[in-house]
Amino acid sequence: MEAIALGKAKASAYEVPTDAPESDGTLEWNSTTLVLVEIEAGGKSGIGYSYADKATQVLIHDVLAGAIEGRDAMDIPGVWWAMAAAVRNMGRRGVASMAISAVDNALWDLKAKLLDVPLVKLLGSVREAIPVYGSGGFTSYSDAQLREQLGGWADDGIAMVKMKVGREPQRDPARAEAARKAIGDGVQLFVDANGAYARKQALRMARVFAQEYEVRWFEEPVSSDDLDGLRMLRDRAPAGMDITAGEYGYDAGYFRRMLAAGAVDVLQADATRCGGITGYLGAAALCDAFHVPLSAHCAPALHMHPACATRASRHIEYFHDHVRIERMLFDGVPEPVGGRLHPDLSRPGAGVTFKHADAEKYQVS
Ligand SMILES: [Mg+2]
């Protein structure tokens, strides 16, 4: 078989204002930036993306595009390691890993299109659909906004919903109570503190959340860098409550350290950060080795195929911001049916196309 030479990767960035001010326990924001990559080979075009700073676009344009041009589109591992080599001296974590992720995601879409198969079939599926959990409940929301958003997901048949906590800890029990009332008894309630609590404060909150509001998932109760603190919470939180983290994982070593420390009941990984779908598959293999389930962080349209192709994957975070942006900027974005996303097997690749005309007004680089 002859090589199918990759063309020059094109990168662009789009900053989309949020529909309301958003905040969590440790960050506030008013916009979200999507960095898009388009690569052609063999008469097909693949697209991939990351949610990242526009510096990511510059790095792809200035460094990665030249490092991979002309390589064989079928050889994703070889292309991936060429990118990793190209960023050696600047450090692979952070912006560089988000840049590699966006390109890697485009490479998988492209290869599946070259083979004329849906991405989940190229990867090899283990399930036909993957559950989602609704995610938002920002600390900037009024209780009325919180109830409306979480209750809306419950009404749509989504069986799990997540809210942010930790910005004003004294208000968290009342906010959790409002959320529980809005979703009823049959829906699981998750909370995410984004590392805002101190260790013993988090332990106390774990008991309140579990006993009073039946919270089943406590994400980043303390900083993700505090593996000992996460481990303490995992050991001492009430039965039935999962301690979770992993969204800032940029490489396999990060996930290995978190798993080896016994820090999480469920690992999270994000294919827009951890080296793309290639990195996500690696995270899933590590989860298998440690007997820990995996949950895909954000970017639901992007994670659907790899989550249906990895046994460890439990669910996908159906994050309000990204759901909104994916609907605005892409055609072919899947909607949950019965709380689950089903890859469309009639479409080759990842199954989405970018709406350039609609996106133009948000373009920032
Ligand atoms: Mg989180």
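Residues numbered from 1 in each chain as written. Predicted model: local features only at pLDDT ≥ 70, side-chain atom pairs only at ≥ 80, totals over all residues.

Some words on the domain arrangement of the chain
Logical step 1: Domain annotation of the chain identifies domain 1 (10–117 + 355–362) and domain 2 (121–350).
Logical step 2: If you average the C-alpha positions of domain 1 and of domain 2, the two centres end up 23 Å apart.
Logical step 3: Taken residue by residue, the interface counts 41 residues in domain 1 and 39 residues in domain 2.
Logical step 4: When residues of the side of domain 1 that touches domain 2 are traced back to their parent elements, those giving at least two are strand 1 (10–23), strand 2 (28–41), strand 3 (44–51), helix 2 (76–86), helix 3 (95–114) and helix 13 (356–359).
Logical step 5: Classifying every residue of the side of domain 1 that touches domain 2 by side-chain character gives 17 nonpolar, 12 polar and 12 charged. (Domains from an automatic or database assignment. Contact = placed C-beta atoms within 7 Å. Helix = DSSP H or I, 4+ residues; strand = E, 2+ residues; numbered from the N terminus. Nonpolar A, V, L, I, M, F, W, Y, C, P; charged D, E, K, R; others polar.)

A word on the nonpolar core
Logical step 1: Val37, Ile60, Leu64, Ala99, Val103, Val161 and Ala283 are the most contacted members of the largest nonpolar core, which has 117 residues in total.
Logical step 2: No other element matches the 12 residues that helix 3 contributes to this core.
Logical step 3: Both domains that meet at this core, namely domain 1 (10–117 + 355–362) and domain 2 (121–350), each give it at least three residues. (Core = buried A, V, L, I, M, F, W, Y, C linked by C-beta atoms within 7 Å. Buried ≥ 20, exposed ≤ 12 C-beta atoms within 10 Å, placed from the backbone.)

As for the environment of Pro77
Logical step 1: Note that Pro77 resides in helix 2.
Logical step 2: Linking Pro77 and Glu360, residues 283 residues apart in sequence, is a C-alpha distance of 33 Å.

A closer look at the packing of helix 1 (residues 55–68) against helix 3
Logical step 1: Axis separation between helix 1 and helix 3 bottoms out at 9 Å; the angle between their running directions is 60°. Between helix 1 and helix 3, the crossing angle belongs to the class labelled oblique. Seen along the crossing, helix 1 lies across helix 3 with a hand that is right-handed. The segment helix 1 lies against helix 3, with Ala55, Thr56, Leu59, Ile60, Leu64 and Ile68 engaging Val95, Ala96, Met98, Ala99, Ile100, Ala102 and Val103. (Axes fitted to C-alpha atoms, helices over the stretch in contact; angles between N-to-C directions. Parallel < 35°, antiparallel > 145°, perpendicular 65-115°, else oblique. Left-handed = near helix turned anticlockwise from the far one by under 90°.)

Observations regarding unusual backbone geometry
Logical step 1: One non-glycine residue, Glu220, adopts positive backbone phi at about 40°.
Logical step 2: Position of Glu220 relative to the elements: it lies in the loop between strand 7 (215–219) and helix 8 (227–236).
Logical step 3: On the neighbour-count criterion, Glu220 (28 C-beta atoms within 10 Å) is buried.

Description of the sheet that holds strand 1
Logical step 1: Taken together, 3 strands build an open sheet; the order of strands is 1-2-3 and the sheet is antiparallel. Two strands close off the open sheet at either side, each with one partner strand: strand 1 and strand 3. Mean inter-strand twist for the sheet, computed between neighbouring axes without regard to direction, equals 25°.
Logical step 2: Taken together, the 8 bridges between strand 2 and strand 3 define a ladder with antiparallel strand orientation. Looking at strand 3, one finds that Ile39 is bridged to Gly46. (Pairing = 2+ DSSP bridges.)

Thoughts on the pairing of strand 9 (residues 266–269)
Logical step 1: Here 2 bridges tie strand 8 (residues 242–245) to strand 9, and the two strands are oriented parallel to one another. Counterpart to Thr244 in the pairing with strand 9 is Val266.
Logical step 2: Alignment of strand 9 against strand 10 (residues 294–296), held across 3 bridges, turns out to be parallel. The residue bridging Leu267 from the neighbouring strand is Leu294, located in strand 10.
Logical step 3: Assessed by its sense of winding, the connection that carries the chain from strand 9 through helix 10 (residues 276–290) to strand 10 is right-handed. (Right-handed = clockwise from strand over helix to strand, strands pointing away.)

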